[in-house]
Amino acid sequence: MATIELSGVRKAYGATPVIHGVDLAIRDGEFVVFVGPSGCGKSTLLRMIAGLEDITGGEIRIDGRVVNAEPPAQRGLAMVFQSYALYPHMSVRQNLSFGLENLRMPRAEIERRVADAARMLQIDVLLERKPRQLSGGQRQRVAIGRAIVREPRAFLFDEPLSNLDAKLRQDMRLEIKRLHQRLGATMIYVTHDQVEAMTMADRIVVLNGGRIEQVGPPRALYRDPATRFVAGFIGAPPMNMIPVAMATGQATLPGGAIVAVATPAGAAGSAVLGIRPEHLVRDPSGFAATVELVEPLGADTLVSARLGGGETMVTARLPGDAEIPIGATLRLGFDPHDAVLLDPETGARLRA
Ligand SMILES: Nc1ncnc2c1ncn2[C@@H]1O[C@H](COP(=O)(O)OP(=O)(O)OP(=O)(O)O)[C@@H](O)[C@H]1O
Ligand SMILES: [Mg+2]
């Protein structure tokens, strides 16, 4: 069990800075997900915590102890990668026990740990097989098993499911969550998939360009994004971003329709109005939009429509039973509390 604290953590490769000063305190037993687009620094940050990458500046503490100079083995963390990195010539059992044998652990203890992990991951019937005789999901389970048998203070996962198909990913996502509940261990999980982040995390850390954009529980990030980046990244399909002209308590959409929104007092000038597809509803007194694309998903239908003959498109998630012809004029509205206003230059929230 471990707390993990980062203060002012920076990383540069040569003269190129890639992590610009990250502060984060991870609680004991917490499931924290690092999410963000490719190249934002998720793996680098995780590898610095693991000790696989040295730190250009700042401090990393595990259970209060500064570990900047400690080699990976002494940190007591276990890492699971996207590539399973199993030994091809060894059986599953040997893959699981190999690391422990190197530590000269007593045979009986090794056997107990391997048996426990295999049972937990439901790979006990596969122990005598070689990795090439396993499916992708089974291999990933063995890789996780290899981390479990070490009984680490914390688990670090770097996109462990990205080689699996969609269905298997969903199953493994649940399994890793269950494992977390069962072991109660601190886990840091890296992904670029916001659905994975939303479904797994106690808290999500949204990274962008080597900086933290926002940290919070999934629902808080969804309901109350601090920046345009977070607003657009969390949620699928993404939040609609509509350029508007603001006045106190209202905004003018492209095409001229005026909608009520919570603005800062005395607000004037341009802004971006963010509204999620699931928060748009049909409203006879709402603004007009011309339907261009209809995607029936069963339970609901995604409708893309153009505002006032201009360039701006919005997507609405409407009930699946609605018959909506292409070319029709929809009237849409939303609850002002569901909209966010963003600074068009900085992307910062403009709060009422
Ligand atoms: N060994 C290295 N030398 C130089 N630059 C590197 C090195 N490793 C990573 N970088 C750079 O650091 C930045 C962060 O990389 P990192 O691998 O942490 O991103 P990531 O968020 O994990 O991306 P992905 O989702 O694609 O895995 C990138 O711009 C990358 O090009
Ligand atoms: Mg990565």
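Residues numbered from 1 in each chain as written. Chains lettered and ligands numbered in written order. Predicted model: local features only at pLDDT ≥ 70, side-chain atom pairs only at ≥ 80, totals over all residues. Heavy atoms only, no water.

**Side note on the domain arrangement of the chain**
Under the domain assignment used here, the chain contains domain 1 (4–227) and domain 2 (237–342). In this structure, domain 1 and domain 2 have C-alpha centres spaced 39 Å apart. Each partner contributes residues to the interface: domain 1 has five residues there, and domain 2 has eight residues. On the domain 1 side of the interface with domain 2, the three residues burying the most area are Tyr222, Arg223 and Pro225, jointly 87% of the side's total. (Domains from an automatic or database assignment. Contact = heavy atoms within 4.5 Å. Buried area = accessible area lost by both parts, 1.4 Å probe.)

**Focus: the site of ligand 1**
If you check the shell around ligand 1, you find Tyr13, Val18, Pro37, Ser38, Gly39, Cys40, Gly41, Lys42, Ser43, Thr44 and Glu159 and nothing else. In this structure, Ser38 approaches ligand 1 through a side-chain N or O atom, which is 2.5 Å from an oxygen atom. Within the side chain of Thr44, a nitrogen or oxygen atom sits 2.5 Å from an oxygen atom of ligand 1. When the free accessible area of ligand 1 is taken as 640 Å², the share hidden by the protein chains comes to 55%. Looking at which element gives the most residues to the shell around ligand 1, the answer is helix 1 (residues 42–50), with three residues. Taken together, the residues of the shell around ligand 1 sort by class into four nonpolar, five polar and two charged. (Near = heavy atom within 4 Å. Polar contact = N/O pair within 3.5 Å; in protein donor to acceptor, adjacent residues only side chain to side chain. Areas by Shrake-Rupley, 256 points an atom, 1.4 Å probe, with all protein chains shown as cover. Helix = DSSP H or I, 4+ residues; strand = E, 2+ residues; numbered from the N terminus. Nonpolar A, V, L, I, M, F, W, Y, C, P; charged D, E, K, R; others polar.)

**A look at the packing of helix 3 (residues 92–102) against helix 5 (residues 136–148)**
Two elements in contact, helix 3 and helix 5, have axes separated by 8 Å at closest approach and are oriented at 30°. As summarised for this structure, helix 3 and helix 5 are arranged roughly parallel, according to the angle between their axes. Crossing handedness for the pair helix 3 and helix 5: right-handed. Residues Val92, Asn95 and Leu96 of helix 3 touch helix 5, and the partners they reach there are Val142, Gly145 and Arg146. Its residues assigned to classes, the contact of helix 3 with helix 5 shows three nonpolar, two polar and one charged. (Axes fitted to C-alpha atoms, helices over the stretch in contact; angles between N-to-C directions. Parallel < 35°, antiparallel > 145°, perpendicular 65-115°, else oblique. Left-handed = near helix turned anticlockwise from the far one by under 90°.)

**Quick notes on the pattern of salt bridges**
Applying the stated criterion across every chain yields a total of 27 salt bridges. For Lys11, the salt bridge is made with Glu53, and the minimal N-O distance between the two is 3.8 Å. Placement of Lys11 in strand 1 (residues 4–13) and of Glu53 in the loop between helix 1 and strand 4 (57–62) is noted, with a sequence separation of 42 residues between them. The exposure class of Lys11 is buried, given its relative accessible area of 4%. Looking at Glu53, the relative accessible area reads 17%, which means it is buried. Residue Asp338 is joined to Arg223 by a salt bridge in which the shortest nitrogen-to-oxygen separation is 3.0 Å. A residue pair is termed long-range when its members are at least 10 positions apart, and Asp338 in the loop between strand 18 (329–333) and strand 19 (340–342) and Arg223 in helix 8 (residues 218–223) qualify at 115 residues. Each of Glu109, Arg112, Arg113, Asp116, Arg119 and Glu151 takes part in salt bridges that share partners, so that together they form one network. (Salt bridge = Lys/Arg side-chain N within 4 Å of Asp/Glu carboxyl O. Buried < 20%, exposed > 50% of the residue type's maximum accessible area, 1.4 Å probe, protein only.)

**Brief notes about the environment of Arg351**
Along the chain, the position of Arg351 falls in the segment after strand 19. A relative accessible area of 43% means that Arg351 is categorised as partly exposed. Leaving out residues up to four positions away in the same chain, Arg351 has contacts with Asp224, Pro225, Ala226 and Pro264. For Arg351, the side chain forms a polar contact with the side chain of Asp224, separated by 3.0 Å.

**Some words on helix 3**
For helix 3, the complete set of buried residues consists of Val92, Asn95, Leu96, Ser97 and Leu100. In this structure, the buried residues of helix 3 make contact with helix 4 (107–120) and helix 5.

**Here's the deal with the sheet that holds strand 14 (residues 269–275)**
Overall, antiparallel pairing links the five strands, which are arranged 13-12-11-14-19 in an open sheet. Two strands close off the open sheet at either side, each with one partner strand: strand 13 (258–260) and strand 19. For this sheet, the mean inter-axis angle between neighbouring strands, taken without regard to orientation, is 45°. The sheet contact formed by strand 11 (residues 240–247) and strand 14 spans seven bridges and is antiparallel. Paired with Pro243 across the strands is Val272, a residue of strand 14. (Pairing = 2+ DSSP bridges.)

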